[in-house]
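Breakdown of the fold
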Amino acid sequence: MVPVASVDFTSQLLQYFANGVAKGSTYALMAVGYTLVYGVLQLINFAHAEVYMLGSHFAYYQAKWGGYLPDEPGAKPESVPILLVGAFIAIAMLACAAVGMLIERVAYRPLRNAGRLAPLITAIGVSLFLQYGGQVVFGTEPKLFPTFVETEVFEIGSVKIPNTNLLIVVTTFVLMLGLTLFVSKTRPGAAMRACSHDMRTAKLMGINVNATISLTFAIGSALAAVAGVLVAMDQPAITPLMGVRIGLKAFVAAVVGGIGSIPGAALGGLVLGVSESVVGGLWDTNYAEAVAFVFLIVVLLLKPSGLLGKATREKV
Amino acid sequence: MAKTVGLLLAGLVACYGLNWFLAEFIEVVYVDYLNLIGIAIVLAVGLNVINGLTGQFSLGHAGFMAIGAFVAGLVSIQLTYGEMSSGPLELAGLGTFLLSLLLAGLAAAVLGVVVGAPALRLKGDYLAIATLGFAEITRILLTAQDSLGGPTGIKRIPKMPLLPGTGAWDGGTSVFWIFLVVFTIVLFSARLQRSTYGRALIAIRENELAAETMGVRAARMKVMAFVYGAFFAGIAGGLYAHYQHSVRPDDFTSIRSIEVVVMLVLGGLGSITGAVLGAVAVTLVPQLLRPLEEQLQVNGLSMVVYALLLILMMIFRPQGIFGQRELSLKLFRRILPGGRK
Amino acid sequence: MTALLATENLTIRFGGLTAVDGFNLAIEPGDLFGLIGPNGAGKTTVFNMITGVYLPTEGSVHFDGKLVNGLQPAQVAALGVSRTFQNIRLFDELSVLENAMTGAHQHAKINLFDSLLRTARHYREEQRQRDRAYELLTFMGLEDRAGLPAKQLPYGHRRKLEIARALATEPKLICLDEPAAGMNTGEKAELSALIRKIRDELKVTVLLIEHDMKLVMGICEKIQVLDYGKTIALGTPQEIQNNPKVIEAYLGGE
């Protein structure tokens, strides 16, 4: 993120706001994956954070094998042609979609009728497996991410916006819009909504529930891959444990926004990103870490279903 | 009551005997495993009252432990050295040690009231994520206190006090103190379970509305469960602080909270026996796999195997090792040939 | 004689739907009172408002002279109102005996430390609860099943256990929500006798929701009929049977 020079309060605030929107966009992109899966399976998919980690690693290795990493430490890496960047991201998305579907097939589907806790524990298991499996395969050393986009900083008034941040925000916006259209306008999207509303009835209506759940995981995972690459472009190093913190925050964002709701995930992500950035900038980065959780508790106590969620009532 | 005093005395003697035996015959590294298992048991059996008996979903147990660890550490440092300074580790006095543990438990219990209150409005995963939020806030606030060492935490926490006949051994009296608490919480939790309070807690788990209309004050009982679990988690934190001699806020991340839930589910949610077994398995398995990792020189391998075991275990036995049953004399009688049914 | 339970202008709305509208009810001590009406008339909703599960939008519930609405269910139970549920709500993992003992929990005069330290008071309290629960199980004819987990109980017995559990709270008024649903003729006859015994021997006032007209007409002395959230008739079984409004409500005439 961008350091802030000593300027007046308003432009400082605007700067933190702009940084926060970019940060919040990555939360939102991740939160969608949590919210989609939770909407359908009522499962906190802990492994989602590791799919994000894999996304950035898949892109990294493509660039490495393509010869776009510096040969010796300290050398300025060659930047990747823009079309190739697109191809790397697309392949990372496909690979992550496959991983996401595989996780569901292997670790969650066998437990679909085993209550709520057992799949939660396997989700934790998969998460640990990928974190430490990542260490085994990729190594524990942080890896410098190749230059996908030459950094350039735009200035609007006194607010500095790097092109990577702009890219993050625009990409997120386009993907979220696409997803919303997909879910509301297409047949597979309708099937997803039906499963999320009532899986048993959806099944009785002839919807292929398994395929729909797989699709849900594929979409969420592909978006996580994008988030992984975008964040890696912004923060140069990647590690197998990089998903842990953003994963927790993104899930919190999904809950704050109202779990099961796509606009909720977007709103939750933005709210958290901006408030973290503002609190961190004006006050203390330590307290910024706590902001998400304070928000979470306040929102849950005032409106347990989240900002944009719907309340349900138990029949007595 | 007389029986209670007798049982506690017997536990005291048994823990002393165990400590003496280990000091005489066993390598300290194995004793380290044992102590970590003991602390894990206290956490798991306490959380079982909240998650297992009462059917709440708390995912913030590490927060209670963190408060306990810091309170006990600070009290003990203050009363032993008078200030935080450098120098060799000293022994805490018996009074200091016991007081620090009591205050650790009480401080965590107060936090238990705060965290338990949302349980009156929230259910299931929502409660889980809120309790996790509380634990994270606790950890972050501790990290932000420069007076408490910030991210590096507090150091030079005195050793646990010695007992007559236990001296020159690296393990000190840790086994005695830790397992005395293990003994106490297992005894109390088994008794809690089989009392009017235990039945009320289970009633809340089974059907909260029916429990309330039958006169069970669900709100009060839920907070009680949180306070009970938090109190012992605070003591576990105090023991951990005295055992490790230093604590950092990052010793108590959400990963540890999640770990305690894993122990419960693995052992069989709602069963004390299961909680104990889960605590043993989750603590020991990665440690036992460590030599394999070192031999093959592959970092992270032991955790990979552990994670795989966890996934397989859940797929093939989703109700946990013990389900909701308890290991008791009755069960032994049933299993033994010719036993009564 | 003053009413044991009195509701005045009791009204509840869920969003735009008025489920119960200006409902008045007066039950005197010792009554065996029937509340009937077609499906969806709002009977269970009335129970939920009486027992503190729902907060009425308007109106009041008085029990034993005290205002009840606004109290938590457990506080209402403490005043002496107990109930059963249309969709049975037992504590499945507890035994039959323990289910009934849970009803007696609210009268426990011990604290947590008594139980943790196993004081004499703890043992006395356990004994009291066990004895009372056993008495009531015997009263309901379930004493042979005391040790069974509640989830293994057959359907008819589950309904009876709910009644035993409710009685263990030592209520002045018990509200039974369709206790005969799903029972066969023999079981229903037995249940009728039991309900009468609850009133006559245990001296507990009974408020009964039931769809089985034969059972209601057979045991209730006063009956009130609810339709679309409003009272349409009140009287003795004979009066109700001959009331044209009631017949219309049940036959669905326009």
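Residues numbered from 1 in each chain as written. Chains lettered and ligands numbered in written order. Predicted model: local features only at pLDDT ≥ 70, side-chain atom pairs only at ≥ 80, totals over all residues.

Our focus in this paragraph is the overall build of chain B. What chain B contains, in helices and strands, is 13 helices and zero strands. Each helix and strand of chain B, placed in order from N terminus to C terminus, yields the pattern α-α-α-α-α-α-α-α-α-α-α-α-α. Over its C-alpha atoms chain B spans a radius of gyration of 20 Å, differing by no more than 12% from the 20 Å that the globule rule assigns to 341 residues. Each principal axis of the C-alpha distribution contributes one length, and for chain B these read about 60 × 55 × 50 Å. The buried share of chain B, reckoned over its 341 residues, is 54%. Long-range contacts, defined here as pairs at least 24 residues apart, represent 80% of the contacts in chain B between residues at least 6 apart. (Helix = DSSP H or I, 4+ residues; strand = E, 2+ residues; numbered from the N terminus. Rg over C-alpha atoms; globule rule 2.2 N^0.38 Å. Buried ≥ 20, exposed ≤ 12 C-beta atoms within 10 Å, placed from the backbone. Contact = placed C-beta atoms within 7 Å.)

Within chain C one finds 10 helices and 10 strands. Expected size for 254 residues packed as a compact globule is a radius of gyration near 18 Å; at 19 Å, chain C falls within 12% of this value. For chain C, the spread of C-alpha atoms along the principal axes amounts to about 65 × 40 × 35 Å. The burial tally for chain C puts 44% of its 254 residues in the buried class. Pairs at least 24 residues apart make up 65% of the contacts formed inside chain C by residues separated by at least 6 positions.

Once that is clear, we can look at the sheet that holds strand S6 (residues 81-83) of chain C. Backbone hydrogen bonds hold the strands of a sheet together, and the pairing may be parallel or antiparallel. Residues and elements named next belong to chain C. Spatially, six strands are ordered S6-S7-S8-S3-S9-S10 in an open sheet, and the strand pairing comes out mixed. The open sheet is flanked by S6 and strand S10 (230-235), the only strands paired with a single partner. Going across the sheet, the axis of each strand differs from the next one's by a mean of 20°, ignoring polarity. Here five bridges tie strand S9 (residues 222-227) to S10, and the two strands are oriented antiparallel to one another. From the neighbouring strand, Asp 227 faces S10, where its bridge partner is Lys 230. Here helix H1 (residues 43-50) sits on the sheet and contacts strand S3 (32-36), S6, strand S7 (173-177), strand S8 (205-209) and S9; the angle it forms with S7, its principal contact strand, is near 150°. (Pairing = 2+ DSSP bridges. Axes fitted to C-alpha atoms, helices over the stretch in contact; angles between N-to-C directions.)

Counting residues at the interface gives 34 residues for chain B and 36 residues for chain A. Only helix H5 (124-144), helix H10 (254-267) and helix H12 (301-316) of chain B provide two or more residues apiece to the side of chain B that touches chain A. With 12 residues, the single largest contributor to the side of chain B that touches chain A is H5 of chain B. In the side of chain B that touches chain A, the residues fall into 26 nonpolar, five polar and three charged. (Nonpolar A, V, L, I, M, F, W, Y, C, P; charged D, E, K, R; others polar.)

Residue and element names in this part refer to chain C. Strand order in this open sheet of four strands is S2-S1-S4-S5, and the pairing throughout is antiparallel. Pairing within the sheet leaves two strands with one partner each, and these edge strands are strand S2 (17-27) and strand S5 (66-67). Of the pairings in the sheet, the one linking strand S1 (residues 5-14) to S2 comprises seven bridges and is antiparallel in character. Bridged to Leu 5 within S2 is Ile 27.

Positioned with a positive phi, Gln 42 of chain A is a non-glycine residue whose angle comes to about 50°. Looking at the element boundaries, Gln 42 of chain A is found in the loop between helix H1 (9-41) and helix H2 (48-65). A tally of 16 C-beta atoms within 10 Å means that Gln 42 of chain A is categorised as partly exposed. For His 245 of chain B, which is not glycine, the phi torsion reads 70° and is therefore positive. Locating His 245 of chain B in the fold gives a position in the loop between helix H9 (218-244) and H10.

It is worth spelling out helix H8 (residues 209-234) of chain A at this point. For H8 of chain A, which comprises 26 residues, the first-to-last C-alpha distance of 38 Å matches the rise-based estimate of 38 Å (1.5 Å per residue) to within 8%. Burial of H8 of chain A is extensive: 20 of the 26 residues sit out of reach of the surface. (Expected span 1.5 Å × (residues − 1).)

It is worth spelling out the confidence of the model for chain B at this point. Interpretation of this model should avoid reading the predicted coordinates in detail wherever pLDDT is low. Summing up the model confidence of chain B, the mean pLDDT is 89 and the portion of residues at 70 or higher is 94%. Per-residue pLDDT, averaged within each element of chain B, yields its smallest value for helix H13 (residues 329-335) of chain B (57) and its largest for helix H7 (residues 196-206) of chain B (97). (pLDDT = per-residue confidence, 0-100.)

Our next topic: helix H2 (residues 28-53) of chain B. An α-helical turn contains 3.6 residues, so a residue and the one three or four places further along point in the same direction. Residues and elements named next belong to chain B. In this model, H2 (26 residues) spans 36 Å end to end at C-alpha, consistent with the 38 Å of a helix rising 1.5 Å per residue. Where H2 bends most, at Leu 47, the angle is about 35°. Trailing H2 by a residue or two, Gly 55 shows a phi angle of about 75°, which is positive. (Bend = angle between axes of the 7 residues up to and from the residue.)

Turning our eyes to something else, we now look at the nonpolar core. Counting 296 residues, the largest nonpolar core has Cys 96, Val 252 and Leu 296 of chain A together with Val 42 and Ala 44 of chain B as its most contacted members. Per-element tally for this core: the top contributor is H9 of chain B, with 17 residues. Contact partners of Ala 44 of chain B, with chain neighbours within four places excluded, come to Val 260, Met 263, Leu 264, Ala 275, Gly 278 and Ala 279 of chain B. (Core = buried A, V, L, I, M, F, W, Y, C linked by C-beta atoms within 7 Å.)

A few words now on the environment of Leu 29 of chain A. Residue and element names in this part refer to chain A. Along the chain, Leu 29 falls in helix H1. Look at Leu 29 and you get buried, because 29 C-beta atoms sit within 10 Å. Remark: the alpha-carbon pair of Leu 29 and Val 252, spanning 223 residues in sequence, is separated by 13 Å. Other than its neighbours up to four places away in sequence, Leu 29 contacts Thr 172, Leu 175, Leu 223, Val 226 and Ala 227.

This part covers the packing of H2 of chain B against H10 of chain B. Residues and elements named next belong to chain B. Packing of H2 against H10 brings their axes to within 9 Å, and their N-to-C directions diverge by 75°. Considering their axes alone, H2 and H10 lie roughly perpendicular with respect to each other. The segment H2 lies against H10, with Ala 40, Leu 43, Ala 44, Leu 47, Asn 48, Asn 51 and Gly 52 engaging Val 260, Val 261, Met 263 and Leu 264. Across the contact of H2 with H10, the residue classes break down as eight nonpolar, three polar and no charged. (Parallel < 35°, antiparallel > 145°, perpendicular 65-115°, else oblique.)

Within a regular strand, the side chains alternate between the two sheet faces. Residue and element names in this part refer to chain C. Hairpin geometry of S1 and S2 is characterised by an intervening segment of two residues between the two adjacent antiparallel strands and by a positive phi of about 60° at Gly 15. Pairing between S1 and strand S4 (residues 58-63): five bridges, direction antiparallel. Note on S4: the bridge partner recorded for Thr 7 is Val 61.

What follows is about the packing of H1 of chain A against helix H10 (residues 262-282) of chain A. Residue and element names in this part refer to chain A. The interhelical angle for the contact between H1 and H10, taken along N-to-C directions, is 145°, at an axis separation of 6 Å. Classified by chirality, the crossing of H10 by H1 is right-handed. A class-by-class count of the residues in the contact of H1 with H10 yields 16 nonpolar, 12 polar and two charged. (Left-handed = near helix turned anticlockwise from the far one by under 90°.)

Residues and elements named next belong to chain A. Its location among the elements puts Glu 104 in helix H3 (residues 82-108). Owing to 26 C-beta atoms within 10 Å, Glu 104 belongs among the buried residues under this scheme. Sequence separation between Glu 104 and Leu 223 is 119 residues, and the spatial gap between their C-alpha atoms is 16 Å.

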